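Take a look at the letters that make up each chain.
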Amino acid sequence: MVGPDYVRPSVEQPARFKSQALSEVGPPIPEEWWRLYREPELDRLIATASESNQTLRQAVARVDEARALARVAGSYLYPTISNDPSFRRQRYSANRESVITGKKVLQGATVTDWLIPFDLTYEIDVWGRVRRSFESARAQAEASADDAAAVRLIVETDVTRFYYTLRSLDAQAQILERTVVAYREQVRILSVQLRTGLAGPIVVSQAQSQLQATLALQRDVLRARADQEHALAILCGRPASSFAVAVNPQGEVSPPAVPPGLPAQLLTRRPDVARAEQNLVAANAQVGVATAEFYPRFTLTSSAGFESADIATLFNWQSRVASILPSVSIPIFQGGRLRANLEATKARYRQAVAAYTNQILIAYGDVEDALTDLHALTDEVGSLRAAVSASRDYLRFAEAQYKFGLVDYLIVIDAERTLLANELSLAQAVNLQISASIQLIKALGGGWNPSENSPPR
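Residues numbered from 1 in each chain as written. Predicted model: local features only at pLDDT ≥ 70, side-chain atom pairs only at ≥ 80, totals over all residues. Heavy atoms only, no water.

### A closer look at the packing of aromatic side chains
Next, step 1: Applying the stated criterion across every chain, the model contains seven aromatic pairs.
Next, step 2: Seen from their ring centres, Trp33 and Tyr37 are 6.5 Å apart, and the 80° between their planes marks the pair as edge-to-face. Accessibility classification places Trp33 together with Tyr37 in one group, the buried group.
Next, step 3: Within the aromatic cluster, the residues linked to one another by ring pairs are Trp33, Trp34, Tyr37, Tyr163 and Tyr164.
Next, step 4: Geometry around Phe134 places Arg138 over its ring, the cationic atom sitting 5.0 Å from the centre.
Next, step 5: Seen from the ring of Phe397, Arg396 lies directly overhead, with NZ or CZ sitting 5.2 Å from the centre. (Phe/Tyr/Trp six-rings, centres within 6.5 Å; stacked < 30°, edge-to-face > 60°. Buried < 20%, exposed > 50% of the residue type's maximum accessible area, 1.4 Å probe, protein only. Lys NZ or Arg CZ within 6 Å of the ring centre and 35° of its normal.)

Now the structure itself:
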């Protein structure tokens, strides 16, 4: 076969991820990686999305299309045989000249012809043009399978992120509901104290302002939850109007430990990197196809069958006919078309090399981002938990001192506001921590196994 054989381009590979102290080879991520989070409801949602997500169905259909086209390309490796039976009955004029003698024919003639031929056409693939085309189509089929795996991973990670965002919003709504109840009681007590002269109007106005602001925030959280639930319904392939996820406030959750392994492992663990490489394989094979166009093309055409003027004798041995026509097509001058086509094909290959290299760089960056976010958010969650604990102490001390008349009630209001802000920040930070964990799994390729996606050869 003419043209270059595929060789994987060399790409700089760092020894380890700088955001990870130890980049040792870790255990492979399980195929059903979401079960690491131990959430039965999440398992159910991902099963629904895997079965009904429409974007995933499109990707699977594209895989079927690409594999069928690969079989089409492979079919040209074999001869094409067809049967084209025909019947002809023709009347010749009596006023014509004989094609043999050139003299006028004295009478007309009617000719009947029955023909049942079996025609064979076969391109002798001397230079590998057909084999290179099949190689390219097969690589494109593998790329489509890798693309479907990437889409599946995106759907799984999006469902997981949306699910935990719902739980975070439920936790925030629970915090706000508890706070609203306390604020309402606070406003009621302060209103009574205002009427009895034990409290001033400024304190009552401040408490009412705090209550209304919290009510507005509570309504916004409920709106955000509804929008998130609608988005999750689309991912699961369900109508938003009939889709619901039960309220389940997020408690003390911690992401599972996921060793990132070595950077070199990303070349075999991420489906998008595998897809970029298969596109590169296909582009490399097309260079061979364009190179083969410079060489002669050999074709064998033959036909065999039966022909007779009478259908009764059509299948007699004496009625057999046969022909064989080998031919060769030699390109001599095409105005530079073949050379320009080869240059364009090589340029597409260079584009594929750049896309493959860039995809690897993106993969490295994704893992570094996820590791950085996960480490920073883990520290942030720890600090916010300490802040919530300190805020509760602050509120408890402020209420105790207010009862003894040592501080103004505005101090109590400030302590309540501080506690609410820290509790909401903690709930949001925990959600971001879980999202960073999910993003790390996605950046590492999830539980993708390339052997499961390769089309049959």
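### Points about the nonpolar core
Next, step 1: Counting residues in hydrophobic clusters, the biggest one holds 82 residues, and the most contacted among them are Val159 and Leu232.
Next, step 2: Residue assignment for this core shows that the elements contributing at least two residues are α1 (40-52), α2 (54-75), α3 (129-195), α4 (201-235), α5 (266-269), α6 (271-292), α7 (337-403) and α8 (409-443).
Next, step 3: Beyond its immediate sequence surroundings of up to four residues, Leu232 is in contact with Leu45, Val159, Phe162, Leu166, Phe243 and Val245.
Next, step 4: Core analysis: the next-biggest nonpolar cluster, separate from the first, contains six residues, Ala66, Ala70, Phe134 and Ala137 among them. (Core = buried A, V, L, I, M, F, W, Y, C linked by side-chain atoms within 4.5 Å. Helix = DSSP H or I, 4+ residues; strand = E, 2+ residues; numbered from the N terminus. Contact = heavy atoms within 4.5 Å.)

### Considerations on α3
Side chains that are three or four residues apart share a direction in an α-helix, a result of its 3.6 residues per turn.
Next, step 1: Over its 67 residues, α3 runs 96 Å from end to end, which matches the ideal 99 Å to within 8%, given 1.5 Å per residue.
Next, step 2: Most of α3 is tucked away, with 49 of its 67 residues classed as buried.
Next, step 3: Gly197, located one to two residues past α3, shows a positive phi value of around 85°. (Expected span 1.5 Å × (residues − 1).)

### A word on the pattern of salt bridges
Next, step 1: Under the counting rule described, the total for this entry stands at 25 salt bridges.
Next, step 2: Linking Arg417 and Asp414 is a salt bridge whose minimum nitrogen-to-oxygen distance equals 3.7 Å. With Arg417 and Asp414 both in helix α8 and three residues apart, this pair spans about one turn of that helix.
Next, step 3: Under the relative-accessibility criterion, Arg417 is labelled partly exposed at 37%. (Salt bridge = Lys/Arg side-chain N within 4 Å of Asp/Glu carboxyl O.)

### A few points about the environment of Trp127
Next, step 1: Tracing the backbone shows Trp127 in the loop between β3 (109-124) and α3.
Next, step 2: For Trp127, a relative accessible area of 28% corresponds to the partly exposed category.
Next, step 3: The spatial distance from the C-alpha of Trp127 to the C-alpha of Ala340 is 20 Å, given a sequence separation of 213 residues.
Next, step 4: Leave out the neighbours within four places in its chain, and Trp127 touches Met1, Val2, Ala292, Tyr295, Pro296 and Phe298.
Next, step 5: A polar contact is formed between the side chain of Trp127 and the backbone oxygen of Pro296, at a distance of 2.7 Å. (Polar contact = N/O pair within 3.5 Å; in protein donor to acceptor, adjacent residues only side chain to side chain.)

### Observations regarding unusual backbone geometry
Next, step 1: The phi angle at Arg38 is positive, at roughly 55°, despite the residue not being glycine.
Next, step 2: Within the secondary structure layout, Arg38 lies in the segment before α1.
Next, step 3: On the basis of relative accessible area, Arg38 is assigned to the exposed category, the value being 72%.

### Side note on the environment of Thr357
Next, step 1: Position of Thr357 among the secondary structure elements: in helix α7.
Next, step 2: For Thr357, a relative accessible area of 23% puts it in the partly exposed group.
Next, step 3: Taking C-alpha positions, Thr357 is 66 Å from Ser308, a pair spaced 49 residues apart along the chain.

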